[in-house]
Amino acid sequence: MLSKYKKHFTVILVLLIFIIMVSPGNQAGAYVSSPKNIRIGLYYASGSKDTTLEMVTMSAVGGIEIGTNQYGNYTKLIETPYIVNAIVDGGVSGYHIRIGEATADATKIYADLNEYLSQGLEVFPICLENNLWQIWEGCYLSKDDAERAISSKIIPKAGAGNYTVAFPSTDRIIIKYSNGLAAVASESGVSFLMIKSTYSGDPKTINVNGDRYRTSLELRKFPGSNITVINELTMGDYLDGVVPLEIGTTETPFEALKAQSVAARTYAVANHKHEDLGFDLCNSTCCQVYGGYEVENLATNNAIKATEGMVVTYGGALAQLYYFASSGGATANSENVWSKAVPYLQSVEDPYEITKYWSYSFSADEMTRHMANMGRNIGTVTGIQAVSTSESGRVTELKITGTTGIAIFNRVSTRSAFPTYLPSQVFTVGGDTGYTVKRAGNVLESINISGALVQTASGTSTVSANGPVYVKDGNGNLIALQANSSTSGGFTITGAGSGHGVGMSQRGAMGMASAGFTYEDILKHYFTGVEVEKANFY
Ligand SMILES: [Zn+2]
């Protein structure tokens, strides 16, 4: 008896240990969810941007399956090993012959379709609105051509019946084989064409106008633009086409790739900018640049797999993460770049970053032209001054003085005040009375000594804003520094880093990874007070 109880006890103990082991490590963490799939706009019209396609050429190794998605219900239409072209059916060859009534019975449509095909008619199924189906025939150049075909071809083959001519419509997408025969069509509005690969192996990719994308596509036609192409795939497959474009993969340390993967996943789960167009995110810098299967590589695919489901949260909710190439010594407070202060987007030192410095020179003429181009009518530019600079070295107010006025630039817009858009907001202006000094932690800072009192051999003296100022370098040589209004030589802008500076520095993340930090260490360094935890898939 005793041994039996002991056995039960052991089983219970083992179960308890197992339960403890599989429990999430972070009990205090928030419950956040991530969708399994994501929808990405490849070609779309949004704002002033319109990349929608007049013709979408598609094919896949092993063939493609075409179906429709209406009110979330998928109906398979055809399977073909051939290349197909989707076009807007509003122009040439946009006349067709309707055969019989529209019906909700898709099975009947297929039975009839096969019969008409065996009679030698060029029929195809069309998905109409309200989940109705109909059989149409041919593609004709005019109403007359279609009417002639009814009497010369349809009636002799299929007998008398209900035949009417359908006119071209820019609301209709038709998919044709390369020989011009129609395969399927769909009226826009509520029915969308879906394209899937029928390949039995891996990867299942579909070639779209020369580029390959995983899993499936949806084609939609919105009024006023051509065909919108959406790629629907798993979150992991999506990230495989994103992360390589955001961080170098050659010799990038694995923990940095993992940190970038988690940042990209967090962004994708937290944002749905384009729901009005039927997709979550677009494939451009407006959201995250996505290159599909073409840009994938093994190192980033492995990093994404190794961090599957991991996201960054703050206060129990998904964090809005930002990242950029290089901080120039320290990251920025979000309010010093944009306008809103975010508790986890605050300046931190970036000690492991290998900073790149840069410099640009602009003549007074170039600056004058640039101000005029920007609509800032301040006459001839005579001076540029960094009025205030944040603790991380970012110019937060820039004053450009002209003969007839001044122009003020704040925060991130200071980068656009020059004929070349500056790589970062960490810069100083030569040719004024500001000096660049390096603070601890490699942070560049601009200080203004105009009007300052300095100790000289003959007592105190005031530094003039107009006269030359000299400093002694390490070898005891006097070096003249240009004062504010001496603009004959133009302006030299010297800076460090690249990008907006808010959030994670990618160069810094690489440095941290090389120094032995984990991806969690890296994320928690750049995002103050966040948690890194696993999202639940739904
Ligand atoms: Zn976007």
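Predicted model only: the values in this text are computed from it and were never measured. (Residues numbered from 1 in each chain as written. Predicted model: local features only at pLDDT ≥ 70, side-chain atom pairs only at ≥ 80, totals over all residues.)

### A closer look at the overall build of the protein chain
Logical step 1: When helices and strands are tallied, the protein chain shows 10 helices and 38 strands.
Logical step 2: Taken over 538 residues, the protein chain has a buried fraction of 42%.
Logical step 3: Expressed as a percentage of contacts within the protein chain between residues at least 6 apart in sequence, the contacts between residues at least 24 apart total 70%. (Helix = DSSP H or I, 4+ residues; strand = E, 2+ residues; numbered from the N terminus. Buried ≥ 20, exposed ≤ 12 C-beta atoms within 10 Å, placed from the backbone. Contact = placed C-beta atoms within 7 Å.)

### With respect to the sheet that holds strand 27 (residues 406-410)
Logical step 1: Taken in spatial order, the 3 strands of this open sheet run 25-26-27, and their pairing is antiparallel. In this open sheet, the two edge strands, each paired with only one partner strand, are strand 25 (381-389) and strand 27. For this sheet the average axis-to-axis angle between neighbouring strands, irrespective of direction, equals 15°.
Logical step 2: Both strand 26 (residues 395-402) and strand 27 contribute to a ladder of 5 bridges, which runs antiparallel. Note on strand 27: the bridge partner recorded for Ile400 is Ala407. (Pairing = 2+ DSSP bridges. Axes fitted to C-alpha atoms, helices over the stretch in contact; angles between N-to-C directions.)

### Remarks on the nonpolar core
Logical step 1: Val229, Val312, Ile522 and Leu523 are the most contacted members of the largest nonpolar core, which has 107 residues in total.
Logical step 2: It is helix 6 (residues 254-270) that provides the largest number of residues to this core, a total of 9 residues.
Logical step 3: A domain-level breakdown of this core finds at least three residues from each of domain 1 (39-233) and domain 2 (234-337 + 499-538).
Logical step 4: Setting aside its immediate chain neighbours within four residues, Ile522 contacts Glu255, Ala256, Ala259, Ala509, Met512, Ala513 and Phe517.
Logical step 5: Counting residues in each nonpolar core, the second largest holds 18 residues, with Met367, Val395, Phe409 and Val426 among its members. (Core = buried A, V, L, I, M, F, W, Y, C linked by C-beta atoms within 7 Å. Domains from an automatic or database assignment.)

### Section: helix 6
Logical step 1: Taking 1.5 Å per residue as the helical rise, helix 6 with its 17 residues ought to reach 24 Å, and the 24 Å between its terminal C-alpha atoms agrees with that figure.
Logical step 2: In terms of burial, helix 6 is a largely internal element, 15 of the 17 residues being buried. (Expected span 1.5 Å × (residues − 1).)

### Comments concerning helix 3 (residues 143-158)
Logical step 1: Along its length, helix 3 reaches its greatest deviation from straightness, about 40°, at Ile150.
Logical step 2: Turning to helix 3, its buried residues number three or more, namely Ala146, Ala149, Ile154 and Ala158.
Logical step 3: Against strand 9 (95-103), helix 2 (106-118), strand 11 (133-140) and strand 12 (163-166) lie the buried residues of helix 3.
Logical step 4: Trailing helix 3 by a residue or two, Gly159 shows a phi angle of about 85°, which is positive. (Bend = angle between axes of the 7 residues up to and from the residue.)

### What to know about the sheet that holds strand 24 (residues 357-362)
Logical step 1: Spatially, 24-35-28 is the arrangement adopted by the 3 strands of the open sheet, whose pairing is antiparallel. Only two strands of the sheet have a single partner each, and these edge strands are strand 24 and strand 28 (427-430). Within the sheet, the average angular offset between the axes of one strand and its neighbour, ignoring direction, is 20°.
Logical step 2: Where strand 28 meets strand 35 (residues 491-496), 4 bridges bridge the pair, whose relative direction is antiparallel. When the sheet's bridge partners are listed, Phe427 is paired in strand 35 with Gly495.

### A look at unusual backbone geometry
Logical step 1: A cis amide bond links Asp202 with the next residue in sequence, Pro203, at an omega value of 0°.
Logical step 2: Topologically, Pro203 is positioned in the loop between strand 15 (191-197) and strand 16 (205-208).
Logical step 3: With a phi angle near 60°, Asn130 is a residue other than glycine that sits in the positive phi range.
Logical step 4: Residue placement: Asn130 occurs in the loop between strand 10 (123-127) and strand 11.
Logical step 5: You will see that Asn131, though not glycine, has its phi angle at about 60°, which is positive.
Logical step 6: Within the element layout of this structure, Asn131 appears in the loop between strand 10 and strand 11.
Logical step 7: Taking the number of C-beta atoms within 10 Å as the measure of exposure, Asn131 has 16 and is therefore partly exposed.

### Topic: the confidence of the model for the protein chain
Logical step 1: Residues with a pLDDT of 70 or more make up 83% of the protein chain, whose mean pLDDT is 87.
Logical step 2: Taking the mean pLDDT of every element in the protein chain, the minimum, 46, falls on helix 1 (residues 2-22) and the maximum, 98, on helix 10 (residues 519-526).
Logical step 3: Counting contacts from residues 9-29, a segment whose pLDDT is below 50, to residues more than four positions away or on other chains yields 7 contacts.
Logical step 4: Every residue in residues 480-487 is under pLDDT 50, and counting partners more than four places away or in other chains gives 28 contacts. (pLDDT = per-residue confidence, 0-100.)

### Overview of the pairing of strand 17 (residues 211-214)
Logical step 1: Pairing analysis gives 4 bridges linking strand 16 to strand 17, with the strands arranged antiparallel. Bridge pairing links Thr205 to Arg214 in strand 17.

### Topic: the environment of Val289
Logical step 1: As for its placement among the helices and strands, Val289 is situated in the loop between strand 20 (281-282) and helix 7 (298-306).
Logical step 2: On the basis of neighbour counts, which here come to 15 C-beta atoms within 10 Å, the residue Val289 falls in the partly exposed class.
Logical step 3: Each C-alpha atom, one on Val289 and one on Leu245, is 6.9 Å from the other, the two residues being 44 residues apart in sequence.
Logical step 4: In this structure Val289 touches Val242, Leu245, Asn283 and Ser284, once residues within four positions along its chain are discounted.

### Remarks on the packing of helix 6 against helix 9 (residues 506-514)
Logical step 1: Direction vectors running N to C along helix 6 and helix 9 enclose 135°, while the axes themselves pass 7 Å from each other. By the angle class used here, helix 6 and helix 9 are oblique. Crossing geometry of helix 6 relative to helix 9 is assigned as right-handed. Counting all contacts with helix 6, which are made through Glu255, Ala256, Ala259 and Gln260, the residues of helix 9 involved are Gln506, Ala509, Met510 and Ala513.
Logical step 2: Of the residues contributing to the contact of helix 6 with helix 9, the split by class is 5 nonpolar, 2 polar and 1 charged. (Parallel < 35°, antiparallel > 145°, perpendicular 65-115°, else oblique. Left-handed = near helix turned anticlockwise from the far one by under 90°. Nonpolar A, V, L, I, M, F, W, Y, C, P; charged D, E, K, R; others polar.)

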